[in-house]
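# Analysis of the macromolecular model
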Amino acid sequence: MAAVRRQRSAGPLFVAPFLMLFLLLFLAPLGYAAYLSLFQERLIGGTVFVGLDNYVQALGDSQLLHGIGRVALFFVIQVPGMLLLALLFALALDSGLLRLARVIRLGIFVPYAVPSVVAALMWGYLYGPDFGPFAQLSRNLDLPVPRFLSDGWMLGSLANIVTWEFVGYNMIILYAALRTIPTELYEAAAMDGAGAWRIAWSVKLPALRPALMLTLLFSVIGSFQLFNEPSLLMKIAPDVISSSYTANLYAYSLAFTGQQVNYAATVSFLLGLLIVIVSYGVLLTANRRRTP
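The text that follows walks through the structure, step by step, so that each part is easy to find.

So, how was this worked out
Residues numbered from 1 in each chain as written. Predicted model: local features only at pLDDT ≥ 70, side-chain atom pairs only at ≥ 80, totals over all residues. Heavy atoms only, no water. Helix = DSSP H or I, 4+ residues; strand = E, 2+ residues; numbered from the N terminus. Rg over C-alpha atoms; globule rule 2.2 N^0.38 Å. Buried < 20%, exposed > 50% of the residue type's maximum accessible area, 1.4 Å probe, protein only. Contact = heavy atoms within 4.5 Å. Areas by Shrake-Rupley, 256 points an atom, 1.4 Å probe, with all protein chains shown as cover. Lys, Arg positive; Asp, Glu negative; His and termini not counted. Charge placed at Lys NZ, Arg CZ, Asp CG, Glu CD. Core = buried A, V, L, I, M, F, W, Y, C linked by side-chain atoms within 4.5 Å. Axes fitted to C-alpha atoms, helices over the stretch in contact; angles between N-to-C directions. Left-handed = near helix turned anticlockwise from the far one by under 90°. Nonpolar A, V, L, I, M, F, W, Y, C, P; charged D, E, K, R; others polar. Salt bridge = Lys/Arg side-chain N within 4 Å of Asp/Glu carboxyl O. Phe/Tyr/Trp six-rings, centres within 6.5 Å; stacked < 30°, edge-to-face > 60°.

### Brief notes about the overall build of the protein
Scanning the protein from N- to C-terminus turns up 13 helices and 2 strands. The C-alpha atoms of the protein give a radius of gyration of 24 Å, which is well past the 19 Å a tight globule of 292 residues would have. For the protein, the C-alpha atoms occupy an extent of roughly 85 × 80 × 40 Å along the three principal directions. Looking at the protein as a whole, 36% of its 292 residues qualify as buried. The contacts of the protein with a sequence gap of at least 6 include a subset with a gap of at least 24, amounting to 64%. As displayed, the protein offers around 18000 Å² of accessible surface, 68% of which is attributable to carbon and sulfur atoms. Of the side chains in the protein, 18 bear a positive and 13 a negative charge, and the two mean positions are spaced by 13 Å.

### Observations concerning the nonpolar core
Where a protein is soluble and globular, its nonpolar side chains tend to be buried together. Membership of the largest hydrophobic core comes to 43 residues, with the highest contact counts inside it found for L174, L208 and V267. Residue assignment for this core shows that the elements contributing at least two residues are helix 3 (62–95), helix 7 (154–179), helix 8 (183–191), helix 9 (196–207), helix 10 (209–224), helix 12 (247–256) and helix 13 (261–290). Ranked by the residues each element gives to this core, the list is headed by helix 3, at 11 residues. Once residues within four sequence positions are removed from consideration, V267 is found in contact with L64, A247, Y250, A251 and L254. Within the second largest apolar cluster, 18 residues are counted, among which are F74, I161, M234 and Y245.

### What about the packing of helix 5 (residues 116–127) against helix 11 (residues 228–236)?
Close contact between helix 5 and helix 11 brings their axes to 9 Å; oriented N to C, the two are set at 35°. The hand of the helix 5/helix 11 crossing is right-handed. For the pair helix 5 and helix 11, the contacting residues are S116, V117, A120, L121 and G124 in the first and N228, E229, L232, L233 and I236 in the second. Partitioning the contact of helix 5 with helix 11 into residue classes produces 6 nonpolar, 3 polar and 1 charged.

### Quick word on the pattern of salt bridges
This model, assessed by the stated rule, comprises 2 salt bridges. In this structure, the salt-bridge partner of R179 is D94, at a minimum N-O distance of 3.2 Å. In this pair, R179 sits in helix 7 while D94 sits in helix 3, placing the two residues 85 residues apart along the sequence. Overall, R179 belongs to the exposed group, its relative accessible area being 53%. Classification of D94 as buried rests on a relative accessible area of 11%. Where D94 meets K204, a salt bridge forms, and the shortest distance between an N and an O atom there is 2.9 Å. Linking D94 in helix 3 with K204 in helix 9, this pair joins segments that are 110 residues apart in sequence.

### Some details on helix 11
Helical geometry: 3.6 residues make up each α-helical turn, so side chains three or four residues apart lie on a common side. What helix 11 keeps buried is the set E229, P230, S231, L233 and M234. Buried positions along helix 11 lie against helix 5, helix 7 and helix 12.

### Thoughts on the side chain of S138
Among the structural elements, S138 can be located in helix 6 (residues 133–140). In contact with S138, other than residues within four places in its own chain, are L143, P144, V145 and P146.

### Regarding the packing of aromatic side chains
Tallied over the full model, the rule gives 17 aromatic pairs. Ring geometry for Y32 versus Y35: centroids 6.4 Å apart, planes at 20°, classification stacked. Taken together, the residues span about one helical turn, with Y32 and Y35 both in helix 1 (residues 2–36) at a distance of 3 residues. The class for Y32 is exposed, based on a relative accessible area of 51%. You can call Y35 partly exposed: its relative accessible area is 48%. Centre to centre, the rings of Y55 and F269 are 6.4 Å apart; their planes meet at 80°, and the pair counts as edge-to-face. Within this pair, whereas Y55 is found in helix 2 (residues 53–59), its partner F269 is found in helix 13, the two being separated by 214 residues in sequence. Residue classification places Y55 among the buried residues on the basis of a relative accessible area of 14%. The exposure class of F269 is partly exposed, given its relative accessible area of 28%. An aromatic cluster is defined as three or more aromatic residues linked by ring pairs; in this entry it consists of W123, Y127, F134, F148, W153 and W164.

### Some details on the side chain of S244
Mapped onto the fold, S244 is located in the loop between helix 11 and helix 12. Apart from the residues lying within four places of it in its own chain, the contact partners of S244 are Q63, G67, R70 and Y250.

Structure follows, in structure tokens:
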């Protein structure tokens, strides 16, 4: 009986460090942000409890709504292309037809190891209309200088940076999922006369649905939290990227530039709620399609 009791008590002890970190690093900051969002700092009267007034203001804030719309458009532009590239790379590596597959896999994954700040600075230099290599090459060839940092191109330029950073990460997830598929399925399909393309379409892709859903959820969270890349490119193109270009950047500017901590907490809380709603919608849609 004593041994059984020790085994039963071992589980909570192993879980306790995670629960403590989860409480301190996630639930406590979330609760504190929710608390701050219920107050306002006023010149007369100091900090005043205002209830849901901050939320009413945020729902009518055009800067916030435009920032959310912009990251939603970014999600539509960037995520499908990134996941398609990751899927193609994973299928190509899993096919066994590529030479130097390990080198290629490492080369695709390496950009993910580059910090996003460094990646944004590097691509900002490449995009530069004055001293960037693309601009210099265009001038040498008497061609129009590409305006990667113009208003019409900025979302595409940001999408290119994020895709360069994360396509390798998503490829590794999909490739790992491919390696878990039993080889007997491939052998059975080959015996039925299926070729490489048919196996990829009828065997590999259905087996990749859970991994694709995982990468899609990560992409939803990452897209709506877009911050580092526009924050750094704002120094190069201040006329295009404002302090409210994305919702996350807007919350940061409110807190650390405008000193509106309570309203920034409201914006952050609403953004987190929006991410939860969109993620749940994606999961619900995927589950409905899977059920006959």
